[in-house]
Amino acid sequence: MGRLGVGHSLDTPASVLYVSHVQNTAAAAGCLKGGDLLLRVDGERVGSMREMEVALQGRNQVEIELVRDGTPLRLACTTKKQDGAGTQRVLGWAGLLLQATPDAVLGQRSVPQEGVYASYRFFGSPASRYDLAPTSHIVEVDSTPTPDLDAFVACTRHKRDGEVLRIKYVDLDGRCRMTTLKLDLRYWPTYTLARSSDGEWSRFENLPPAADPQE
């Protein structure tokens, strides 16, 4: 199903859809704005979210008739396919659960989809001791950008137990912060949780690098 990635008001009889906000990474980010009143999609009137969903079915691009600041407009908007599968991969690292930013978070806050999202923090972990907060996006490790999980794993896989890292992260309000974190791979090892096509989750250990024999 096509999706625009916009917030909306509750449906009421004989209503129009009101755009409360637009996700920064949504397909509609360059098209719609908060405050828009949506009237029609490809000529079909849309007065509820169900009617909007039906109008977007199987379409990669649509023409939307709307009212913005009292001015009627017709705009071409692209849609984004949503499979509804949700989170497929989670990285356990230093007591954090890291993943791609969930759509639910993007839908509530207009946060940029950069960095890896910390969805949970275990008490007593290095992340807890060094106050690396959940709901943050880690954007750099030791000055190396970490735009996604693959980049984060590549950046941290060679770090050893006891090594101190510099972490740059951004909270949900867009404030950038820095902290240091000392790894404890003995008690807080790195691992990956992955979901297969049948919905089953499996755990895989991310083994630390071998110790240098000269140390």
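- Where an unreviewed UniProt entry is consulted, the protein appears under the name PDZ domain-containing protein, with the organism given as Haptolina ericina.

## Structural notes on the overall build of the protein
Phase 1 of the analysis: Each helix and strand counted, the protein has four helices and 17 strands in total.
Phase 2 of the analysis: Residue burial in the protein is summarised as follows: out of 215 residues, 36% are buried.
Phase 3 of the analysis: Within the structure as shown, the protein displays about 12200 Å² of accessible surface, and the carbon and sulfur contribution to it stands at 50%.

## A closer look at unusual backbone geometry
Phase 1 of the analysis: With a phi angle near 55°, Asp-69 is a residue other than glycine that sits in the positive phi range.
Phase 2 of the analysis: Not every positive phi belongs to a glycine, and Asp-131 is a case in point at roughly 60°.
Phase 3 of the analysis: Turning to its location among the elements, Asp-131 is positioned in the loop between helix H3 (126-129) and strand E12 (137-141).

## Quick notes on the pattern of salt bridges
Side chains that carry opposite charge are capable of pairing whenever their charged atoms lie near each other.
Phase 1 of the analysis: Scanning the entire structure with this criterion turns up 15 salt bridges.
Phase 2 of the analysis: The shortest N-O distance in the salt bridge between Arg-40 and Glu-65 comes to 4.0 Å. Taken together, the positions of Arg-40 in strand E4 (residues 37-41) and Glu-65 in strand E6 (residues 61-68) put the pair 25 residues apart, joining distant regions of the chain.
Phase 3 of the analysis: Judged by its relative accessible area of 34%, Arg-40 is partly exposed.
Phase 4 of the analysis: A salt bridge links Glu-44 to Arg-59, with the shortest nitrogen-to-oxygen separation between them at 3.0 Å. Note that Glu-44 is positioned in strand E5 (residues 44-45) and Arg-59 in the loop between helix H1 (49-56) and E6, a separation of 15 residues in sequence.
Phase 5 of the analysis: The exposure class assigned to Glu-44 is partly exposed, which follows from its relative accessible area of 35%.
Phase 6 of the analysis: Residue classification places Arg-59 among the partly exposed positions, given a relative accessible area of 24%.

## Comments concerning the packing of aromatic side chains
Phase 1 of the analysis: Taken as a whole and judged by the stated rule, the model has three aromatic pairs.
Phase 2 of the analysis: Ring plane angle 75° and centroid distance 4.9 Å describe the contact between Tyr-120 and Phe-122, whose orientation is recorded as edge-to-face.
Phase 3 of the analysis: We classify Tyr-120 as partly exposed; its relative accessible area is 42%.
Phase 4 of the analysis: Measuring from ring centre to ring centre gives 6.3 Å for Phe-122 and Trp-188, while their planes differ by 35°; the resulting arrangement is tilted. Taken as a pair, Phe-122 in the loop between strand E11 (116-121) and H3 and Trp-188 in the loop between strand E15 (176-182) and strand E16 (190-195) lie far apart in primary sequence, 66 residues in all.
Phase 5 of the analysis: In this structure an aromatic cluster arises from ring pairing among Tyr-120, Phe-122 and Trp-188.

## Things to note about the nonpolar core
Phase 1 of the analysis: Within the largest apolar cluster, 21 residues are counted, with the highest numbers of intra-cluster contacts made by Trp-93, Leu-98, Leu-132, Ile-138, Phe-152, Ile-167 and Leu-181.
Phase 2 of the analysis: Only strand E9 (89-93), strand E10 (96-99), E11, E12, helix H4 (149-156) and strand E14 (164-170) provide two or more residues apiece to this core.
Phase 3 of the analysis: The leading source of residues in this core is H4, at four residues.
Phase 4 of the analysis: Beyond its immediate sequence surroundings of up to four residues, Trp-93 is in contact with Leu-98, Leu-132, Phe-152, Thr-156, Leu-165, Ile-167, Leu-181, Leu-183 and Thr-190.
Phase 5 of the analysis: Core analysis: the next-biggest nonpolar cluster, separate from the first, contains 17 residues, Val-41, Val-46, Met-52 and Cys-77 among them.

## A look at the pairing of E14
Phase 1 of the analysis: Pairing geometry for E12 and E14, over four bridges, is antiparallel. Paired with Ile-138 across the two strands is Tyr-169, which belongs to E14.
Phase 2 of the analysis: Sheet topology note: the E14/E15 ladder contains seven bridges and is antiparallel. Directly across from Val-164, in E15, lies its bridge partner Lys-182.

Rules used in this analysis
- Residues numbered from 1 in each chain as written.
- Predicted model: local features only at pLDDT ≥ 70, side-chain atom pairs only at ≥ 80, totals over all residues.
- Heavy atoms only, no water.
- Helix = DSSP H or I, 4+ residues; strand = E, 2+ residues; numbered from the N terminus.
- Buried < 20%, exposed > 50% of the residue type's maximum accessible area, 1.4 Å probe, protein only.
- Areas by Shrake-Rupley, 256 points an atom, 1.4 Å probe, with all protein chains shown as cover.
- Salt bridge = Lys/Arg side-chain N within 4 Å of Asp/Glu carboxyl O.
- Phe/Tyr/Trp six-rings, centres within 6.5 Å; stacked < 30°, edge-to-face > 60°.
- Core = buried A, V, L, I, M, F, W, Y, C linked by side-chain atoms within 4.5 Å.
- Contact = heavy atoms within 4.5 Å.
- Pairing = 2+ DSSP bridges.

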